[in-house]
Amino acid sequence: MKKIAVYTSGGDAPGMNSCIRAIVRGAAYHGVEVYGIVRGYNGMINGDIIPLNSQSVSNIIQRGGTILKSARSKEFLTTEGRKKAYNQLQAKGIEGLVAIGGNGTFTGAEIFYNEFKIPCVGAPGTIDNDLYGTDYTIGYDTAVNTALDAIDKIRDTADSHDRVFFIEVMGRDSGYIAIQCAIAGGAEAVMIPENLTPVSEVMETLQKGFSKAKSSSIVIVAEGDEEGNAQKVAQKIKDQMKIELDIRVTTLGHIQRGGVPTAADRILASRLGLGALEGLLRGEKNVMAGVVNNQLVYTPFHDTITKKKPVSEDLIRMVEILST
Ligand code: F6P
């Protein structure tokens, strides 16, 4: 394989640039020509494909976002769109792909491989940490730390005013960001899609805390929680609680997607980027590189997108015990 291309797709994640850098530098080391596809699958369809070399990725290891930009492509969902993308890659003589992204990215990559047989290896880049086949995804650690910084600040004001804060964190239908934030932020309760916590249970926890002279509380709500978003949960509790609470709601939103990647994310991204590239050059295809128990492994795209990575029961239990 002499010519490959790399792209980032779906929601951006801190560390994507570190990953691009590792792929480009790794390709230079192995004497392989490397291209960057701009704006993910949309760039593939439109032929927005640029040459990259070691210098193109200087000074990006510490930058959030993605220098290749990202998009969620509707056209790639169509057969015609994917045919156009294939023609663009053929025209450039690209023989292999490295995809950096999450669920949607690998769903597209699997369909594309099945149709056109261009080998593709993925590197998991998403703040959600919702991919089977890797213990951690690129961007997750940074997102948790960004959210945690905000939660610590909210705790100060919650304490000053004796308030209850419901803080909504991202994660789509996964509760990974929420559970880590709840533990590290010392939250009184957490609501995640993997473990339905009825509002009655949260009310009980809050009630218990106040009866023990707690004067403020933090509840972390994952955006995909089945009881509804933080606003709805807070309203339900306000309506049903017997004691009057001074409640506020904060939705952290896209702040969690930006910022300087942590050391852990830069290292993970470098390892997974190089791992994906070297896997591709060795003949791996239709798989995602991941780190499981500190070992580099390759998992079929199909499994990464269809299998569920459970949130450890231990962690859920810990939130309950440590808020006592
Ligand atoms: O997948 C990353 C993520 O940030 C999710 O946590 C969130 O649900 C979604 O993307 C938001 O997507 P968008 O930026 O398209 O609104």
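Residues numbered from 1 in each chain as written. Predicted model: local features only at pLDDT ≥ 70, side-chain atom pairs only at ≥ 80, totals over all residues. Heavy atoms only, no water.

Taking an unreviewed UniProt entry as the reference, the protein chain is identified by name as ATP-dependent 6-phosphofructokinase belonging to Aquirufa beregesia. Reading the Subcellular location (unreviewed entry) entry of the UniProt record for the protein chain gives the comment "Cytoplasm". (UniProt positions renumbered as here; feature names shortened; annotations may be inferred.)

S.K.: Help me understand the overall build of the protein chain, please; the structure alone is not making it clear to me.
M.R.: Each helix and strand in the protein chain was counted, giving eleven helices and eleven strands. Against the globule reference of 20 Å for 324 residues, the protein chain gives a C-alpha radius of gyration of 22 Å, in line with a compact fold. Taking the principal axes of the C-alpha coordinates as reference, the protein chain spans close to 70 × 35 × 30 Å. Put simply, of all contacts in the protein chain between residues at least 6 apart along the chain, 77% involve residues at least 24 apart. About 14100 Å² of surface is accessible on the protein chain, with carbon and sulfur atoms providing 49% of the total. (Helix = DSSP H or I, 4+ residues; strand = E, 2+ residues; numbered from the N terminus. Rg over C-alpha atoms; globule rule 2.2 N^0.38 Å. Contact = heavy atoms within 4.5 Å. Areas by Shrake-Rupley, 256 points an atom, 1.4 Å probe, with all protein chains shown as cover.)

S.K.: I'm lost on the layout of surface pockets in this one. Help?
M.R.: Where empty space is left in the structure can be found by rolling a water-sized probe over the atoms. For the largest pocket, the calculated volume is near 720 Å³. In terms of lining residues, the largest pocket is bounded by 36 residues, among which Arg 72, Asn 103, Gly 104, Thr 105 and Arg 172 are the most central. For the lining of the largest pocket, the secondary structure elements donating two or more residues are helix H4 (103-116) and helix H10 (301-306). Counting residues per element, the lining of the largest pocket draws most heavily on H4, at six residues. For the lining of the largest pocket, the per-class residue count stands at eight nonpolar, 16 polar and twelve charged. What the second largest pocket holds in volume is close to 420 Å³. (1 Å grid on protein atoms, 1.4 Å probe; cavity = no way out; pocket = protein on both sides within 12 Å on 5 of 7 lines; lining within 4 Å. Points joined across faces, edges and corners; volume = space filled by probe spheres on them. Nonpolar A, V, L, I, M, F, W, Y, C, P; charged D, E, K, R; others polar.)

S.K.: Would you take a moment to explain the packing of aromatic side chains for this structure?
M.R.: When we look at a pair of aromatic rings, we describe it by the centre distance and by the angle of the planes. Inspection of every chain in the model, using the stated rule, returns eight aromatic pairs. Here the aromatic rings of Phe 106 and Phe 301 are separated by 5.0 Å at their centres, their planes lie at 20 degrees, and the arrangement is stacked. Taken together, the residues Phe 106 in helix H4 and Phe 301 in helix H10 connect sequence positions 195 residues apart. When sorted by exposure, Phe 106 lands in the same class as Phe 301, which is buried. Ring centres of Phe 112 and Phe 116 lie 5.3 Å apart, and the angle between their planes is 55 degrees; this geometry places the pair in the tilted category. With Phe 112 and Phe 116 both in helix H4 and four residues apart, this pair spans about one turn of that helix. The exposure classification of Phe 112 matches that of Phe 116, with both residues buried. (Phe/Tyr/Trp six-rings, centres within 6.5 Å; stacked < 30°, edge-to-face > 60°. Buried < 20%, exposed > 50% of the residue type's maximum accessible area, 1.4 Å probe, protein only.)

S.K.: I tried to follow the side chain of Thr 8 on my own but got confused; where do I start?
M.R.: Inspection of the secondary structure assignment puts Thr 8 in strand E1 (residues 3-8). Within the structure, the side chain of Thr 8 is placed 2.8 Å from the backbone oxygen of Lys 69, a separation counted as a polar contact. In contact with Thr 8, other than residues within four places in its own chain, are Met 16, Ile 20, Arg 39, Gly 40, Thr 66, Leu 68, Lys 69, Ser 70 and Ile 100. (Polar contact = N/O pair within 3.5 Å; in protein donor to acceptor, adjacent residues only side chain to side chain.)

S.K.: It is not clear to me how the site of the ligand should be interpreted in this structure. Could you clarify?
M.R.: In the vicinity of the ligand, the contacting residues are Arg 72, Ile 127, Asp 128, Met 170, Gly 171, Arg 172, Glu 223, His 254 and Arg 257. Taking Asp 128, its side chain carries an N or O atom lying 2.7 Å from an oxygen atom of the ligand. Arg 172 has a polar backbone atom sitting 3.5 Å from an oxygen atom of the ligand. Judged by its atoms lying within 2 Å of the grid points, the ligand is housed in the largest pocket. Residues belonging to the shell around the ligand are distributed by class as follows: two nonpolar, two polar and five charged. (Near = heavy atom within 4 Å. Sits in = over half its atoms within 2 Å of the grid points.)

S.K.: Just checking my understanding: could you explain the nonpolar core for this structure?
M.R.: Among the nonpolar cores identified, the biggest contains 58 residues, and Ile 218 and Ile 220 are the most heavily contacted of them. When residues in this core are grouped by element, the largest group, eight residues, is from helix H5 (residues 140-161). Beyond its immediate sequence surroundings of up to four residues, Ile 220 is in contact with Ile 151, Ile 167, Val 169, Ala 178, Ala 182, Ala 187, Ala 189, Val 190 and Met 191. Tyr 41, Ile 45, Phe 301 and Ile 305 belong to the second-largest nonpolar core, a separate cluster that totals 25 residues. (Core = buried A, V, L, I, M, F, W, Y, C linked by side-chain atoms within 4.5 Å.)

S.K.: Looking at this structure, I do not really get the packing of helix H3 (residues 79-92) against H4. What am I missing?
M.R.: The relative placement of two packed helices comes down to the angle between their axes together with the axis-to-axis distance. The contact between H3 and H4 brings their axes to 11 Å, and the two run at 70 degrees. Considering their axes alone, H3 and H4 lie roughly perpendicular with respect to each other. Crossing of H3 against H4: the hand is right-handed. Of the residues in H4, those touching H3 at Arg 82, Lys 83, Ala 85, Tyr 86 and Leu 89 are Ile 111, Phe 112, Glu 115 and Phe 116. Partitioning the contact of H3 with H4 into residue classes produces six nonpolar, no polar and three charged. (Axes fitted to C-alpha atoms, helices over the stretch in contact; angles between N-to-C directions. Parallel < 35°, antiparallel > 145°, perpendicular 65-115°, else oblique. Left-handed = near helix turned anticlockwise from the far one by under 90°.)

S.K.: Is there a simple way to explain the sheet that holds strand E7 (residues 189-191) in this structure?
M.R.: Taken together, the four strands give an open sheet; going across it, the order is E7-E8-E6-E9, and neighbouring strands pair in parallel fashion. Strands with a single pairing partner mark the edges of an open sheet, and in this sheet they are E7 and strand E9 (247-251). Neighbour-to-neighbour, the strand axes of the sheet open up by a mean angle of 20 degrees, direction not taken into account. One ladder, built from three bridges, connects E7 with strand E8 (residues 217-222); its direction is parallel. Each residue of the ladder has a partner; that of Ala 189, found in E8, is Val 219. (Pairing = 2+ DSSP bridges.)

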